[in-house]
Amino acid sequence: MRSMAESNLAVRPGDHPVHGTWLSVDVVALTDDPEPKIVLIERAGAPHKGETTLPGGLLAAWDGETVEQCARRIMRDKAGTELTGGAAVVDVVSDPDRDERGHTVSIVVVARVTAQAPGAVSVTQIPEAMPFGHTAIARTAILRLGERLLVDPDTTHAMLGDETTLAQVRALLSVTTPTTAGAARKRLDRSPLYRRTDELRKPAPTGRPGHVYRFAV
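Residues numbered from 1 in each chain as written. Predicted model: local features only at pLDDT ≥ 70, side-chain atom pairs only at ≥ 80, totals over all residues. Heavy atoms only, no water.

A. Broad picture of the side chain of Thr179. Turning to its location among the elements, Thr179 is positioned in the loop between helix 5 (166-176) and helix 6 (181-190). Among the residues examined, Thr179 registers a relative accessible area of 17% and is labelled buried. Of the polar contacts made by the side chain of Thr179, one reaches the backbone oxygen of Thr177; its length is 2.7 Å. Setting aside residues no more than four positions away along its own chain, Thr179 makes contact with Arg170, Leu173, Ser174 and Ala184. (Helix = DSSP H or I, 4+ residues; strand = E, 2+ residues; numbered from the N terminus. Buried < 20%, exposed > 50% of the residue type's maximum accessible area, 1.4 Å probe, protein only. Polar contact = N/O pair within 3.5 Å; in protein donor to acceptor, adjacent residues only side chain to side chain. Contact = heavy atoms within 4.5 Å.)

Printed below as a string of structure tokens:
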């Protein structure tokens, strides 16, 4: 079973009224570029074939798939790229009118992908009125990322990993709000989630070497 149509066929008249309700995973994936971009795709099938959306798809609960496994599969199969870290849930959207095919509850995750991933655009270029409410979903997820980074362990580790630098932190914070190096350094040094080491790392492609911070939770 891989589609809404197939799941409908599996439900018989008189069954529980959960019929017509699905769980999907929508991925707000930011690239590991000096200026992180968001990955969008062009839909290959109906409805809205050819339109731009977030990468998303049904959670294969019938196969015991987890939310993170689903996010990895979606990015691999639909966006042609791989997650470089974990996937953190930042929202659940349950608007029954979001999808004309039926009530689809969206589990929204944020994640990182490799630099220069296919379909990546600046977060300022997120299209208006994407299908399935994806425009609002993307913008809300990015705002919540800015609020949770260096505060929430799961979100922070998914986006920054076991090791990070000031340059990487500043780049992610600046996705939501322009951030100076000084402001980013204060947030990073005050966060209980990372500890600064004496190791230095040079940013790619250019820049002055900066201290490596290691996840401490």
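Back to the write-up after that little detour.
B. Examining the sheet that holds strand 10 (residues 194-201) more closely. Judged by pairing direction, the sheet is antiparallel, and its three strands sit side by side in the order 9-11-10 without closing on themselves. The sheet is open, and its two edges are formed by strand 9 (163-165) and strand 10, each paired on a single side. Taken pair by pair, the neighbouring strands of this sheet meet at an average axis angle of 35°, ignoring direction. Relative to strand 11 (residues 210-215), strand 10 is paired through five bridges, and the arrangement is antiparallel. Paired with Leu200 across the two strands is His211, which belongs to strand 11. In the packing of helix 5 onto the sheet, the strands contacted are strand 9 and strand 11, and the crossing angle to strand 9 comes to about 75°. (Pairing = 2+ DSSP bridges. Axes fitted to C-alpha atoms, helices over the stretch in contact; angles between N-to-C directions.)

C. Fine view of the packing of helix 3 (residues 134-148) against helix 5. The interhelical angle for the contact between helix 3 and helix 5, taken along N-to-C directions, is 135°, at an axis separation of 8 Å. The angle between helix 3 and helix 5 falls in the class oblique. In this structure, helix 3 crosses over helix 5, and the sense of that crossing is left-handed. Here Ile142, Leu143, Leu145 and Gly146 of helix 3 lie close against helix 5, whose contacting residues are Leu172, Leu173, Val175 and Thr176. Considered class by class, the residues forming the contact of helix 3 with helix 5 number six nonpolar, two polar and no charged. (Parallel < 35°, antiparallel > 145°, perpendicular 65-115°, else oblique. Left-handed = near helix turned anticlockwise from the far one by under 90°. Nonpolar A, V, L, I, M, F, W, Y, C, P; charged D, E, K, R; others polar.)

D. Spotlight on the nonpolar core. Residues Val28, Leu30, Ile38, Leu149 and Tyr194 are the most contacted members of the largest nonpolar core, which totals 34 residues. Contributions of two or more residues to this core are made by strand 1 (21-31), strand 6 (83-93), strand 7 (103-113), helix 3, helix 4 (153-160), helix 5, helix 6 and strand 11. In contact with Leu30, not counting residues within four places along its chain, are Pro36, Lys37, Ile38, Ala111, Arg112, Val113, Val123, Leu145, Met159, Leu172 and Val175. Counting residues in each nonpolar core, the second largest holds 18 residues, with Val27, Ala29, Ile41 and Ala117 among its members. (Core = buried A, V, L, I, M, F, W, Y, C linked by side-chain atoms within 4.5 Å.)

E. Inspection of unusual backbone geometry at higher detail. Across the junction of Ala46 and Pro47, the peptide omega takes the value -5°, indicating a cis bond. For Ala129, which is not glycine, the phi torsion reads 55° and is therefore positive. Here Ala129 lies in the loop between strand 8 (120-121) and helix 3. Since its relative accessible area comes to 70%, Ala129 is described here as exposed. A positive phi angle is found at Leu150, which is not glycine, with a value near 70°. Tracing the backbone through its elements, the reader meets Leu150 in the loop between helix 3 and helix 4.

F. Representation of the pattern of salt bridges in the model. Here the structure, examined in full by the defined rule, presents twelve salt bridges. The partner of Asp32 in a salt bridge is Arg112, and the shortest N-O contact between them spans 3.4 Å. With Asp32 in the loop between strand 1 and strand 2 (38-39) and Arg112 in strand 7, this pair connects stretches of sequence that are 80 residues apart. Relative accessible area serves as the criterion here: at 40%, Asp32 is assigned to the partly exposed category. Its relative accessible area of 6% is what places Arg112 among the buried residues. A salt bridge links Arg201 to Glu163; the shortest N-O distance between them is 2.8 Å. Here Glu163 lies in strand 9 and Arg201 lies in strand 10, a separation of 38 residues in the sequence. Judged by its relative accessible area of 30%, Arg201 falls in the partly exposed class. For Glu163, a relative accessible area of 29% translates into the label partly exposed. Here the salt bridges do not stand alone but share partners, grouping Glu163, Glu199, Arg201 and Arg214 into one network. (Salt bridge = Lys/Arg side-chain N within 4 Å of Asp/Glu carboxyl O.)

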